[in-house]
Amino acid sequence: MTRILLPLLCLTALAPAAGALKVQVWDRELQTKVGDGESSGSKLVMQFVGDYDGPVVVLFAQTDEEKSRVTFPGLKSSYNGSLSKGLLTLQMPGASGASPTNTSLTLSKFLTPFKLTLSAQPAGLSLSLPGLKTTDTAAKDSSGKSGAAKDSSAKDGK
């Protein structure tokens with residue numbers, strides 16, 4: 001029994017933490033969730049409601065292990081901000097003794113000191129496989145080809 005237990009304990013101790021930093025973005029009245037995300041490794045994957053435009057409250061939830069390890073030093077549990085066209089901006093309160101005005105930071109810049117990168121997408125966006133073209137990509141490709149044909153025909157005319 002101890003032969004099995006000791007290696008199992010060692011593997012458990014070496015396993016990465018199962019928890020992750022979770023983020024929720026709510027409208028100012030905390031009535032509607034307009035964004036949601038979770039960290040995975042060094043990336044924070046966020047989804048936002050595409051048509052929301054206005055003030056928001058951003059809530060961060062750390063696991064107990066992240067708190068005890070101080071993985072995200074100085075991270076508060078909530079920030080005010082605004083969401084417009086999928087771009088989240090956080091209001092950073094001025095430091096004591098500094099000017100009373102708030103400083104705005106995009107979520108991407110806010111995450112830099114925590115060594116996290118942002119991957120944002122509209123909520124409900126489906127994933128696509130490599131090599132497949134969406135309607136938007138196909139339209140851009142066809143307009144690019146027709147533009148190239150015009151350029152080459154203009155060169156031939158000279």
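Residues numbered from 1 in each chain as written. Predicted model: local features only at pLDDT ≥ 70, side-chain atom pairs only at ≥ 80, totals over all residues. Heavy atoms only, no water.

*Asks:* Got a minute to help me understand the packing of aromatic side chains in this structure?
*Replies:* Two numbers describe a pair of aromatic rings. These are the distance of the centres and the angle of the planes. As enumerated under the stated definition, the model contains five aromatic pairs in all. Look at Tyr79 and Phe110: their rings are 5.0 Å apart centre to centre, the planes differ by 70°, and that puts the pair in the edge-to-face class. Remark: Phe110 occurs in helix 3 (residues 107-111) and Tyr79 occurs in strand 5 (residues 78-84); sequence separation between them is 31 residues. On the basis of relative accessible area, Phe110 is assigned to the buried category, the value being 4%. Among the aromatic residues, those joined into a ring-pair cluster are Phe60, Phe72, Tyr79, Phe110 and Phe114. (Phe/Tyr/Trp six-rings, centres within 6.5 Å; stacked < 30°, edge-to-face > 60°. Helix = DSSP H or I, 4+ residues; strand = E, 2+ residues; numbered from the N terminus. Buried < 20%, exposed > 50% of the residue type's maximum accessible area, 1.4 Å probe, protein only.)

*Asks:* Got a minute to help me understand the environment of Glu38 in this structure?
*Replies:* Along the chain, Glu38 falls in strand 2 (residues 33-40). Glu38 gets classed as partly exposed once you look at its relative accessible area, which sits at 38%. Separated by 15 residues in the primary sequence, Glu38 and Val23 have C-alpha atoms spaced 6.0 Å apart. Glu38 has contacts with Ala20, Leu21, Lys22, Lys43, Leu44 and Val45, leaving out every residue within four places of it along the chain. (Contact = heavy atoms within 4.5 Å.)

*Asks:* Is there a simple way to explain the pairing of strand 5 in this structure?
*Replies:* Taken residue by residue, a regular strand's side chains alternate between the two faces of the sheet. By the alternation rule, side chains of strand 5 split into Tyr79, Gly81 and Leu83, which are all buried, and Ser78, Asn80, Ser82 and Ser84, of which none is buried. Bridge analysis of strand 4 (residues 53-61) against strand 5 gives seven bridges, and the strand direction is antiparallel. Paired with Val56 across the two strands is Gly81, which belongs to strand 5. (Pairing = 2+ DSSP bridges.)

*Asks:* Please clarify how the pattern of salt bridges should be interpreted in this entry.
*Replies:* Where charged atoms from two side chains of opposite charge come close, those side chains can pair. For the structure on display, the rule yields two salt bridges. Close ionic contact of Lys33 with Asp36 constitutes a salt bridge, the shortest N to O distance being 3.7 Å. For Lys33, a relative accessible area of 35% translates into the label partly exposed. (Salt bridge = Lys/Arg side-chain N within 4 Å of Asp/Glu carboxyl O.)

*Asks:* What am I meant to see in the environment of Leu88 here?
*Replies:* Structurally, Leu88 is set in strand 6 (residues 87-92). Each C-alpha atom of the pair Leu88 and Thr106 lies 5.9 Å from the other, and the pair is 18 residues apart in sequence. When residues no more than four places from it in sequence are discounted, the contact partners of Leu88 are Val25, Phe48, Val56, Val58, Ser82, Leu83, Leu105, Thr106 and Leu107.

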